[in-house]
Amino acid sequence: MTDQSTSEIVTPVCELFPDQSVLTESLLAKKCLPCEGGIPRLEPAEIAAHLLLVPGWQVSSDSKMISRSWRARNFVSAMEQLNALAELAEAEQHHPDLHLTSYRHIRVDLWTHAIDGLSENDFILAAKINQWLQKQSIT
Ligand SMILES: C[C@H](O)[C@H](O)[C@H]1CNC2=NC(N)=NC(=O)C2=N1
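An account of the accompanying structure is given in this report. All residue numbers refer to positions counted from 1 along the written sequence of the respective chain. Confidence filtering applies because this is a predicted model: local features only for residues at pLDDT of at least 70, side-chain atom pairs given and counted only at 80 or more, and all residues used for totals across whole chains, interfaces and linings. Excluding hydrogens and water, the side-chain values take into account all heavy atoms of the structure.

1. Describing the overall build of the protein chain
Okay, step 1: Within the protein chain one finds 5 helices and 4 strands.
Okay, step 2: Buried positions account for 35% of the 139 residues belonging to the protein chain.
Okay, step 3: Two residues form a contact once any of their heavy atoms are found within 4.5 Å. Contacts in the protein chain between residues far apart in sequence, at least 24 positions, make up 65% of those at least 6 positions apart.
Okay, step 4: The accessible surface values rely on the Shrake-Rupley method and a 1.4 Å probe; as for residues, cover is taken only from the protein chains in view. Carbon and sulfur atoms make up 55% of the accessible area of the protein chain, which amounts to about 8,400 Å² in all. The secondary structure listing takes helices from DSSP runs of H or I that are at least 4 residues long and strands from runs of E that are at least 2 residues long, numbered from the N terminus. The buried label goes to any residue with under 20% of its type's maximum accessible area, the exposed label to any with over 50%, and the partly exposed label to all in between, with areas taken from a 1.4 Å probe on protein chains only.

Below, the structure written as structure tokens:
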């Protein structure tokens, strides 16, 4: 498909990502890799592509973090969810910042400390958190 105005070849996103669920499954099949630095941060274009695979997550204005928020039923339920997320993170050896405010509002922030930015680890864990949220019928 050619864009008349610029005569550049414009590839529709749907062609770039034939089936997002397939690509999300590929994230779910991965394990977070140990990260002590030394790898490049994801670039904005890569972040934008990965965000398509983790609905519900937003990127920070400095492109260094992704976040997702939701409201739990009550305080005890919120704490149970945070503890379940902690187990998920520990299993991946990749750890989010967890926030609980106004007794039941949860926000999960994901970033890779070792590179002070985003890596694929963040999107692997985000995909696994989304899968967990779906299984719990939380969002
Ligand atoms: C060796 C192990 O992979 C690293 O210490 C992990 C631990 N958990 C981590 N979590 C996050 N969010 N970022 C890191 O850089 C990180 N490093």
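2. Focus: the side chain of Thr112
Okay, step 1: Within the element layout of this structure, Thr112 appears in the loop between β4 (105–110) and α5 (120–135).
Okay, step 2: The buried category is assigned to Thr112, whose relative accessible area is 2%.
Okay, step 3: Side chain to side chain, Thr112 and Ser119 meet in a polar contact 2.7 Å long.
Okay, step 4: Discounting chain neighbours no more than four positions away, the residues touching Thr112 are Cys35, His94, Gly117, Leu118, Ser119 and Asp122. For this analysis, a polar contact is any N or O atom pair within 3.5 Å, provided that within protein one partner can donate a hydrogen and the other can accept it, and provided that sequence-adjacent residues contribute only side-chain to side-chain pairs.

3. Topic: the sheet that holds strand β2 (residues 66–71)
Okay, step 1: Here, strands pair whenever DSSP counts at least two bridges between them. One open sheet accounts for 4 strands, arranged β1-β2-β4-β3; its pairing is antiparallel. Each edge of the open sheet carries a strand with a single partner, namely β1 (58–59) and β3 (97–101).
Okay, step 2: For β1 and β2, the ladder comprises 2 bridges, and the chain directions are antiparallel. Residue pairing for β2: Val59 is matched across the bridge by Ile66.
Okay, step 3: Axis definition: a line fitted to C-alpha atoms, over the contacting stretch in the case of helices. Angles run 0 to 180 degrees between N-to-C directions. Sheet contacts for helix α4 (residues 75–92): β2, β3 and β4; angle to β3, the most-contacted strand, approximately 180 degrees.

4. Brief notes about the pairing of β3
Okay, step 1: Where β3 lies against β4, 5 bridges are found, and the strand directions are antiparallel. Pairing of Leu98 across the sheet is with Val108, part of β4.
Okay, step 2: The antiparallel hairpin formed by β3 and β4 contains 3 residues in its connecting segment, where Ser102 sits at a positive phi of about 45 degrees.

5. What about the environment of Ala45?
Okay, step 1: Counting through the fold element by element, Ala45 comes out in helix α3 (residues 44–51).
Okay, step 2: In this structure Ala45 comes out as exposed when scored by relative accessible area, which is 61%.
Okay, step 3: Spatially, the C-alpha atom of Ala45 lies 19 Å from that of Ser21, the residues being 24 residues apart in sequence.

6. Things to note about the pattern of salt bridges
Okay, step 1: Within this document, salt bridges are pairs made up of a side-chain nitrogen of Lys or Arg and a carboxyl oxygen of Asp or Glu, the two lying within 4 Å of each other. A full pass over the atoms with the stated rule returns 5 salt bridges.
Okay, step 2: When the shortest N-O distance is used, the salt bridge between Lys31 and Glu92 registers 3.7 Å. Within this pair, whereas Lys31 is found in the loop between α2 (20–28) and α3, its partner Glu92 is found in helix α4, the two being separated by 61 residues in sequence.
Okay, step 3: Given the relative accessible area of 49%, Lys31 is considered partly exposed.
Okay, step 4: With a relative accessible area of 6%, Glu92 lands in the buried category.
Okay, step 5: A salt bridge links Lys128 to Glu92, with the shortest nitrogen-to-oxygen separation between them at 2.6 Å. Here Lys128 is found in helix α5, whereas its partner Glu92 is found in helix α4, with 36 residues between them in sequence.
Okay, step 6: For Lys128, a relative accessible area of 12% gives the class buried.
Okay, step 7: Sharing partners across several salt bridges, the network here consists of Lys31, Glu92 and Lys128.

Honestly, it's all geometry; don't read function into it.
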